[in-house]
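Chain by chain, the residues run as shown.
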Amino acid sequence: MTSQDVRKQFLDFFASKGHLIVPSAPIVLKDDPTLMFNNSGMAQFKEYFLGNATPKSNRIADTQKCLRVSGKHNDLEDVGFDTYHHTMFEMLGNWSFGDYFKKEAINWAWELLTEVYKIPKENLYVSVFEGNKEENVPFDQEAWDIWKELIDEDRIILGNKKDNFWEMGDQGPCGPCSEIHVDLRSEEEKLQVSGKSLVNNDHPQVVEIWNNVFMEFNRKADGSLEKLPAKHVDTGMGFERLCMALQGKTSNYDTDVFTPLIERVEQITGLKYTSNEVLNISEEQNKTNIAIRVVVDHVRAVAFAIADGQLPSNTGAGYVIRRILRRAIRYGFTFLNTKEPFINQLVPVLANQMGEFFPEIKLQQQLVTNVIREEEASFLRTLDQGLQLLENVVAETKGKTVSGTKAFELYDTFGFPIDLTALILREKGFELDEAGFNAAMQEQKNRSRAASEVSTEDWSVLIPGNVETFVGYDQTESDVKITRIRKVDSKKDGILYQIVVDNTPFYPEGGGQVGDKGTLVSANETIEIIDTKKENNLILHFAKKLPENVNAGFVAKVNQDLRSLSSRNHSATHLMHQALRSILGTHVEQKGSLVNPNYLRFDFSHFAKMTESELQQVEDFVNARIQEQLPLIERRNIPFAQAVEEGAMALFGEKYGDEVRAIKFGESMELCGGIHVKNTAEIWHFKIVSEGAVAAGIRRIEAITSDAVKAHYASYENTLNEVKIALKNPQDILKAVHSMQEENAKLAKQIEALVKDKVKNLKESLISEIQEINGIRFLAKQVDLNPEGAKDLAYELGNLGNNVFLVLATADEEKPMLTCYISKELVADKNLNAGQVVRELGKFIQGGGGGQPFFATAGGKNVAGIQEALEKAIEYIK
Ligand code: SER
């Protein structure tokens, strides 16, 4: 059975049991501060369990792209070493929202596995929650009794809180669970050791395939459990493990989910992967296998994250993706001997395999390939630099142990992986001070943890069961009651209160547009709202203090000036998006956007720098739409399919409901929840202020509209006036600047000639000062020259013979500089290196530098240190 069939049969089975089949949510989560990535099928349904939103069906099933690489569920470091953990995996799941419970869930799971997929019953074990006194949750008798009807009792295992009580994160919906494990060992092995004893014992062929969670509780911030308003079912089956079981394999990597990728790696590297059936492989082959598993696993996670709109970057989710890719690059570099980008070449294979079910990967194949290729190239350069730096560290090391702090510097500044450092050191006969490294690492972790610490209290609910409505498309003011309040204490922002009201006009940050600011006003007081954000389905108003009387009636007032400026930038963003697609082509896809009162920023896929003329055309296009005074045509609650059919732009990685809002200005039509102008004339004027690259194949434009354009031109005019005054009000400024440039060039030539003369004179007078120490003709001296002059002088003096060693210091324009010259013969005979000399001496002038072994320079900040540097130079020679 192919993996495609396995997936299809699962969905067909649950459709036949009355489930609505929905698409996978994007991997990267938005609007949920507790979770960065979807780490389970249920994450997108969290609000249904909590009762904050209503699902469109009480029974849903799907396959969800999951990533377990951060937070509570993190498998990253295991991947590659075993045959059944992954960074990205598909989770097949069925859900009941307050509908069926344990009986149906368990019976259907059993029916699907044993009758549809025909897994032999004697290969299956199940587990049931044993109960936990501290949590006050009893043994799951109900699940036990249901299982007893289906399977021999001695195949039912009791499990503790760690294995049989499922929680998504530190907070949120949770409950006891019942897992199904499969034993894939040979008959012979089964006779020797019972499968039961291997369940939950990290045996690679006795693995969990399906988890049935019976959601009954919510874990609160204070750690306690509260009962959920209704009982739900959340199940998750590991798709790749299921394929392993159904395809008669003993490793996920031997299934058709991975074999096409592995074959491509074999082609590229010329190495061979051995399947799990091959026994007694060499240590060398084992390393190759691990590295290939790392690469074919990681490329999936990275490719799908990029396709869902998450580019690798230096912060947050982007950084996690970058680290996964770097782990793969590094395994390739060390164990597959790949010194050139190659992982990107796996993207077409992946797109071919998965594109039918997940079209986002097929449609963005080129972009994903380019982004990965560029990341690879840049990290390989880093590895190269790191290797050189490591050479230096080794050269400076006295003894055989390399300092952990130095290794940490390499890791921290250059992303140079510590295990690679250790490996290289071992090859060179050195050891790494691991304790020192760990200490430095811990220190940094403590620092960043302290900086990002947030403590969130539980909600205090003032009006229970209230569902908040957003009225901000039609109003900027409304009468409200506060429904719930929560206190959040973070190192970054201090103490803030999050306030939820019943019908808010405040737009919460989203779709790139920043959240509204404004006030909550009651008869007696005014509370400043400094920001508005969404958390799942709640709109949170942020305030520095709470009202004295939280039960009073308030008028919620949005700051209209700020909102109006943002709305102009938002509408201009749509027009610019349209302009880019019409001028550059329809390969342009939005890849990120920011809209605030001051400016707009827009990232999009395009493979070349935009020319001046293209930028001009985009500006002209948008300004023409502004002049046309196009009215806003806003349609709310139209079916998603209809909107797309009519030509509305939908974005990859965005989760749309069945009903959407469409924003139209003339021919521009986008699905969008943001705030817009009523007529494009309000934008007044549009001006691009910068264009540049963010990543391979991703460009960024920053632009301004309305008041900011006026300010922009006013500031230009100001500068121009100041230039005029500085030039003493010439009639023609441009002419005045040109003649100044000519004058400058003339002066520079004269100075050059003068310096040449000075060098000649200095040379004559310095010859007598050269000392001979240990057969080396040596001079360390400060000279009154500019850096160019010092270089000429060094070469002139260097011509005196083949045993010259010079350190010249200058302080031209108060900038200290050291120039070191060593005759090539000395470099070779005495193993000297001018680069190292200036790096050492550079410390005295608070600077650094480098160059070649026979000539190098270092610039610094501390003129007063020159004397000491020169004295040290003499000492060194002696
Ligand atoms: N949430 C459970 C899990 O991830 C079942 O879907 O294992």
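As the structure is a prediction and not an experimental result, all values here were calculated from the model. (Residues numbered from 1 in each chain as written. Predicted model: local features only at pLDDT ≥ 70, side-chain atom pairs only at ≥ 80, totals over all residues. Heavy atoms only, no water.)

### What to know about the overall build of the chain
When helices and strands are tallied, the chain shows 25 helices and 38 strands. Judged by the C-alpha coordinates and their principal axes, the chain covers about 105 × 75 × 55 Å. The contacts in the chain between residues at least 6 apart in sequence include a share of 68% that link residues at least 24 apart. Carbon together with sulfur atoms contributes 47% to the accessible area of the chain, which is approximately 41,200 Å² in total. (Helix = DSSP H or I, 4+ residues; strand = E, 2+ residues; numbered from the N terminus. Contact = heavy atoms within 4.5 Å. Areas by Shrake-Rupley, 256 points an atom, 1.4 Å probe, with all protein chains shown as cover.)

### A short note on the side chain of Glu535
With respect to the helices and strands, Glu535 occurs in strand β23 (residues 531–535). The exposure class of Glu535 is buried, given its relative accessible area of 13%. A distance of 2.9 Å separates the side chain of Glu535 from the side chain of Arg486, its partner in a polar contact. Not counting residues within four places of it along the chain, the set of residues in contact with Glu535 comprises Asp31, Pro33, Arg486 and Leu540. (Buried < 20%, exposed > 50% of the residue type's maximum accessible area, 1.4 Å probe, protein only. Polar contact = N/O pair within 3.5 Å; in protein donor to acceptor, adjacent residues only side chain to side chain.)

### With respect to the sheet that holds strand β25 (residues 554–558)
The four strands lie next to each other as β17-β25-β21-β22, forming an open sheet whose pairing is antiparallel. Each edge of the open sheet carries a strand with a single partner, namely β17 (477–480) and β22 (526–529). Direction aside, the axes of adjacent strands within the sheet are offset by 20° on average. Across four bridges, the pairing between strand β21 (residues 518–521) and β22 is antiparallel. Across the sheet, the residue bridging to Thr519 is Glu528, located in β22. (Pairing = 2+ DSSP bridges. Axes fitted to C-alpha atoms, helices over the stretch in contact; angles between N-to-C directions.)

### A word on the UniProt feature "domain: Alanyl-transfer RNA synthetases family profile" (unreviewed entry) in the chain
Per the UniProt entry, the sites bearing "domain: Alanyl-transfer RNA synthetases family profile" (unreviewed entry) are residues 1–715 in this numbering. This span, residues 1–715, is 36% helix and 26% strand, and a straight line between its end C-alpha atoms measures 69 Å. (UniProt positions renumbered as here; feature names shortened; annotations may be inferred.)

### Observations regarding the pairing of strand β27 (residues 600–605)
Of all the six residues making up β27, five are buried; the element is thus mostly covered by neighbouring parts of the structure. One ladder, built from five bridges, connects strand β26 (residues 590–595) with β27; its direction is antiparallel. Paired with Val595 across the two strands is Leu600, which belongs to β27. Between the end of β26 and the start of β27, which pair antiparallel, lie four residues. For β27 and strand β32 (residues 698–705), the ladder comprises six bridges, and the chain directions are antiparallel. Bridging from a neighbouring strand, Phe604 pairs with Arg699 of β32.

### Looking at helix α9 (residues 283–307)
An ideal rise of 1.5 Å per residue puts 36 Å on 25 residues; α9 measures up with 36 Å between its terminal C-alpha atoms. Buried residues dominate α9, accounting for 21 of its 25 residues. Positioned one or two residues after α9, Gly309 has a phi angle of 100°, which is positive. (Expected span 1.5 Å × (residues − 1).)

### Concerning the packing of aromatic side chains
The tally for this structure, following the rule as stated, stands at 31 aromatic pairs. Seen in terms of ring centroids, Phe470 and Tyr473 are 5.0 Å apart; in terms of plane orientation they differ by 90°. Their pairing is edge-to-face. The exposure class assigned to Phe470 is partly exposed, which follows from its relative accessible area of 25%. Among the residues examined, Tyr473 registers a relative accessible area of 23% and is labelled partly exposed. Three or more aromatic residues link up through ring pairs in this structure, and these residues are Phe45, Tyr48, Phe49, Trp95 and Phe97. (Phe/Tyr/Trp six-rings, centres within 6.5 Å; stacked < 30°, edge-to-face > 60°.)

### Considerations on the site of the ligand
Around the ligand sit Ser40, Met42, Arg68, Met91, Trp166, Asn211, Val213, Asp234, Thr235 and Gly236, and those are all the residues in its vicinity. In this structure, an oxygen atom belonging to the ligand sits 3.1 Å away from a side-chain N or O atom of Asn211. Side-chain polar atom of Asp234 to a nitrogen atom of the ligand: 2.7 Å apart, as the coordinates give it. Considered on its own, the ligand offers 230 Å² of accessible surface; in the complex 96% of this is hidden by protein. Those elements that provide at least two residues to the shell around the ligand are β10 (206–219) and β11 (225–238). (Near = heavy atom within 4 Å.)

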